[in-house]
Amino acid sequence: MTHQHSSTGRLSPSSDTEDMAEMSKVLAPRLAYFAGVARTEHVTRAAQEMNVPQSTLSRAMARLEQDLGVDLFARHGRTVSLTPAGRTFLTSVERALAEVERAAEEVRADADPATGKVAFGFLHTMGAETVPGLLQAFRADHPRVRFSLVQNYGEAMLERLRAGELDLCLTSPVPDAPDLVARRLDEQKLRLVVPADHSLATRRRIRLAEAADEMFVTLEPGYGLRRITDDLCKEAGFKPRVAFEGEEAETLRGLVAAGLGVALLPPPAVPRPGVVELTVTSPRAAREIGVAWLNGHPDTPPVAAFKRFLLSRRGSLLPT
């Protein structure tokens, strides 16, 4: 059996993509030209209003009709009128151009030095006191800058940073990755939190090794504080026995108050009844807090201003 090959080859997916990208590049200005001619119904007048040569405008309209395979205009000397196909096309073109202009206005507004927007991520444990205090201090000199705030755990925030959904984030541990820039800002001590009626509750200080037989409540794997907890326990010579895993530090503190285990946690914004917080003397129990941003990503003026502000708070980021 003989197989015959068609003389007309199909474009590869990559060729299709390249052709579409090239067509979009030339189609966009033609749509604006088309809307201008349709509005004035006069090629010369439209060319004057848009400050382009009349020949350029005429060629663009002819090529647009050629690409679409339909007549958009009926010609009457120097004047033109829309055909039924042209009127249909104009409705969609005006809607598309209005959406592009709306998007342009939005990004211009977000980049405005005085009233622009900063997409800022931070850990849940920093939401009660630290971040509100930072924003209050920053807004004293930048009262109209807007913020889009995201609370999440460290790895999730770094993913959103890489996706371009965040401009800056406060996280722990301070990331070390080639695509990110990170700066250490402060350090936060961790305490061993025990139930108020626990045998250790009469103590003020403790070596972490003394809690080796306790049941722990911790954040889920993937959270920075969970990694720090596991590392500190390993340094103290044991692997923690985990009774409950959660997503929020204050929930863990509530579980401790209910007698369901002990936990290594940063200080609470407000003292929690039912628990006692012990200073860990060994190993050194603390976590570094840093600010991170995408390497090579250009900053808008409001983002640059807030970044400078955060870096100026090095060593005094956290409330005392």
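Look up a bit, the structure's there.
Treat the numbers as computed from the prediction; the structure is a model and nothing was measured.

Rules behind the numbers
Residues numbered from 1 in each chain as written. Predicted model: local features only at pLDDT ≥ 70, side-chain atom pairs only at ≥ 80, totals over all residues. Heavy atoms only, no water. Helix = DSSP H or I, 4+ residues; strand = E, 2+ residues; numbered from the N terminus. Rg over C-alpha atoms; globule rule 2.2 N^0.38 Å. Buried < 20%, exposed > 50% of the residue type's maximum accessible area, 1.4 Å probe, protein only. Contact = heavy atoms within 4.5 Å. Core = buried A, V, L, I, M, F, W, Y, C linked by side-chain atoms within 4.5 Å. Pairing = 2+ DSSP bridges. Axes fitted to C-alpha atoms, helices over the stretch in contact; angles between N-to-C directions. Phe/Tyr/Trp six-rings, centres within 6.5 Å; stacked < 30°, edge-to-face > 60°. 1 Å grid on protein atoms, 1.4 Å probe; cavity = no way out; pocket = protein on both sides within 12 Å on 5 of 7 lines; lining within 4 Å. Points joined across faces, edges and corners; volume = space filled by probe spheres on them. Nonpolar A, V, L, I, M, F, W, Y, C, P; charged D, E, K, R; others polar. Left-handed = near helix turned anticlockwise from the far one by under 90°.

Chemist: Just give me the short version of the overall build of the protein chain, but keep the residues and values in it.
Modeler: Scanning the protein chain from N- to C-terminus turns up 9 helices and 13 strands. For 320 residues, the compact-globule estimate of 2.2 N^0.38 gives 20 Å, and the C-alpha radius of gyration of the protein chain, at 31 Å, exceeds that figure by more than 25%. Summarising its shape, the C-alpha atoms of the protein chain cover approximately 100 × 75 × 35 Å along the three principal directions. Per-residue burial over the protein chain gives 40% buried out of 320 residues. For the protein chain, restricting intrachain contacts to residue pairs at least 6 apart in sequence, the fraction spanning at least 24 positions comes to 73%.

Chemist: An account of the nonpolar core is requested, with residue identities and associated values reported.
Modeler: Ranked by size, the top nonpolar core spans 36 residues in total, and within it Phe120, Leu170, Phe306 and Leu310 carry the most contacts. Of all elements in the fold, only β3 (117-122), α5 (130-139), β4 (146-151), α6 (154-162), β5 (168-171), β6 (180-189), β13 (286-294) and α9 (301-312) reach the threshold of two or more residues within this core. Looking at which element gives the most residues to this core, the answer is α9, with 5 residues. Here Phe120 is in contact with Val131, Phe147, Ser148, Leu149, Val150, Leu166, Leu168, Cys169, Leu170, Phe306 and Leu310, once residues within four sequence places are set aside.

Chemist: I'd like a rundown of the sheet that holds β4, residues and numbers included.
Modeler: With mixed pairing, 5 strands are arranged side by side in an open sheet as β4-β3-β5-β13-β6. Sheet topology places β4 and β6 at the edges, where each strand pairs with a single neighbour. Each strand of the sheet is rotated relative to its neighbour by a mean of 20°, with strand direction disregarded. Note that β3 and β5 share 3 bridges and pair parallel. Within β5, the position partnered with Phe120 by the bridge is Leu168. α9 rests against β3, β4, β5, β6 and β13 of the sheet, and its axis sits at about 40° to β3.

Chemist: Residues and numbers for the packing of aromatic side chains, please.
Modeler: Within the structure shown, the criterion is met by 11 aromatic pairs. Ring centres of Phe138 and Phe147 lie 5.9 Å apart, and the angle between their planes is 85°; on these two criteria the pair is classed as edge-to-face. Within the aromatic cluster, the residues linked to one another by ring pairs are Phe120, Phe122, Phe138, Phe147, Phe306 and Phe309.

Chemist: Go over empty space enclosed by the protein, please, and point to the residues and values.
Modeler: Summed over the entire model, instances satisfying the criterion amount to 3 cavities of 30 Å³ or more. Of the volumes computed, that of the largest cavity is approximately 120 Å³. Contributing to the lining of the largest cavity are 15 residues, with Leu123, Tyr153, Leu219, Tyr223 and Arg287 lying nearest its centre. The class makeup of the residues in the lining of the largest cavity is 6 nonpolar, 6 polar and 3 charged. Computed from the structure, the second largest cavity encloses a volume of approximately 60 Å³.

Chemist: Pulling in residues and values, what's your account of the environment of Val193?
Modeler: Examined against the element boundaries, Val193 turns out to sit in strand β7 (residues 191-195). Take Val193: its relative accessible area is 0%, and that puts it in the buried class. Once the C-alpha coordinates of Val193 and Ala35 are considered, the two residues, 158 residues apart in sequence, prove to be 68 Å apart. Dropping the residues within four chain positions of it, Val193 is found in contact with Arg253, Val256, Val262, Ala263, Leu265, Val275, Val276 and Glu277.

Chemist: Residues and numbers for the packing of α5 against α9, please.
Modeler: Packing of α5 against α9 brings their axes to within 11 Å, and their N-to-C directions diverge by 115°. In the crossing of α5 with α9, the sense of the turn from one axis to the other is right-handed. The segment α5 lies against α9, with Leu134, Leu135, Ala137 and Phe138 engaging Pro302, Ala305, Phe306, Phe309 and Leu310. When the residues that make up the contact of α5 with α9 are grouped by side-chain class, the tally is 9 nonpolar, no polar and no charged.

Chemist: Can you break down helix α8 (residues 249-257) residue by residue, with the values?
Modeler: Listed in full, the buried residues belonging to α8 are Ala249, Leu252, Arg253, Gly254, Leu255 and Val256. On its buried face, α8 sits against β7, β9 (215-219), β10 (241-246), β11 (263-265) and β12 (275-282).

Chemist: How would you summarise the layout of surface pockets if you had to cite specific residues and measurements?
Modeler: By volume, the largest pocket is sized at about 670 Å³. In terms of lining, the largest pocket is formed by 29 residues, of which the most central are Gln188, Lys189, Pro266, Pro267 and Pro268. Within the lining of the largest pocket, the residues separate by chemical class into 14 nonpolar, 7 polar and 8 charged.

Chemist: Describe the sheet that holds β11, listing the residues and the values that go with them.
Modeler: A sheet is described by the order of its strands in space; here 4 strands give the open sequence β8-β12-β7-β11, paired in mixed fashion. Strands with a single pairing partner mark the edges of an open sheet, and in this sheet they are β8 (205-207) and β11. Going across the sheet, the axis of each strand differs from the next one's by a mean of 45°, ignoring polarity. The sheet contact formed by β7 and β11 spans 3 bridges and is antiparallel. Bridged to Leu192 within β11 is Leu264.

Without other data, these values stay purely geometric and don't point to any function.
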